[in-house]
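Reading the structure
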Amino acid sequence: AEKKAKQLRLSFEKQQALLTLDQNEIYHQEHTETTTLLALWKRISSHRTSAVFRKPVNPLEAPGYQERILFPIDLSLIRKMIVCRMIKSYAGFHRCVGLICHNCVKFNGRESDYSALTRDFEDNVDEKVLEAVRNASAAAAAKAAAESSKAAVAAATGGAGGAAAAAPPVAGAAAAAGTSGAA
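The next point concerns helix α3 (residues 35-45). Restricting attention to buried positions, one finds in α3 the residues Leu37, Leu38, Leu40, Trp41, Ile44 and Ser45. Seen from one end, α3 has its buried residues packed into an arc of 160 degrees, which puts them on one side. In α3, the exposed positions that point more than 90 degrees away from the buried face belong to Thr35 and Lys42. Against α5 (75-83), α6 (90-108) and α7 (113-156) lie the buried residues of α3.

See below:
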């Protein structure tokens, strides 16, 4: 009973985190390079539950798929969309992976084995996206704190900053040594 209560609490916390994710600007922020999104794609596509979603659905294996699914998508297509900059944010990535899951459940039905696999896959994706956004948010906060600290030091030294404040003693040392400082 205690284990089940803990699982329910963790599930609730994850749902809350997913609901607030849309309010996080890092989630929607466009990445200037593809490396971050490709790293996330790689973590997701290497998970055991992603094997079914790595390549396009074969029409011979799933007759009627092309007629029922308006926008077929798979992980290989998502990678191409990241590389050609059609997907530029965590939100865009998450939306496209959600479409993979939607298509699978729509075609196979909610009670199918594929739908059970899709739920596991989607749970993994949600965890990885939440982790990536948390890490990026923490990095942005650390960067902002460092810049704020740097600005405070600059203000305390009269705007000279650390490097400029260190320059006069070096010039003074060169003068004391009897050299002009020019080489």
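Let us now look at the packing of helix α1 (residues 2-21) against α7. Two measures define how a pair of helices packs: the angle their axes make with one another and the distance between the axes. Packing of α1 against α7 leaves a shortest axis separation of 11 Å and a crossing angle of 60 degrees. Here α1 is positioned oblique relative to α7, judged by the angle of their axes. Handedness of the crossing formed by α1 with α7: left-handed. Where α1 approaches α7, its residues Lys14, Ala17, Leu18 and Leu21 are matched on the opposing element by Asp123, Asp126, Glu127, Val129, Leu130, Val133 and Arg134.

Definitions and limits used
- Here, residues in each chain are numbered from 1, in the same order as that chain's written sequence.
- With pLDDT at 70 or above as the cut-off, local features in this predicted model cover only qualifying residues; side-chain atom pairs require 80 or more to be listed or tallied, and sums for whole chains, interfaces and linings still use all residues.
- To get the side-chain values, all heavy atoms of the structure are used, and hydrogens and water are removed first.
- Relative accessibility thresholds used throughout: buried, under 20% of the residue-type maximum; exposed, over 50%; partly exposed, between the two (1.4 Å probe, protein chains only).
- A run of H or I in DSSP becomes a helix once it reaches four residues, and a run of E becomes a strand once it reaches two; helices and strands are each numbered from the N terminus.
- To be clear, the arc concerns the directions from the helix axis to the C-beta atoms.
- Two residues qualify as a contact provided that any one of their heavy atoms is within 4.5 Å of a heavy atom in the partner residue.
- To define axes, lines are fitted to C-alpha atoms, for helices over the stretch in contact only, and angles between the resulting N-to-C directions are given on a 0 to 180 degree scale.
- By definition in this entry, angles of less than 35 degrees are roughly parallel, angles greater than 145 are roughly antiparallel, angles of 65 to 115 are roughly perpendicular, and the rest are oblique.
- Handedness of each helix crossing follows the sense of rotation of the near helix against the far helix: counterclockwise by less than a right angle gives left-handed, clockwise gives right-handed.

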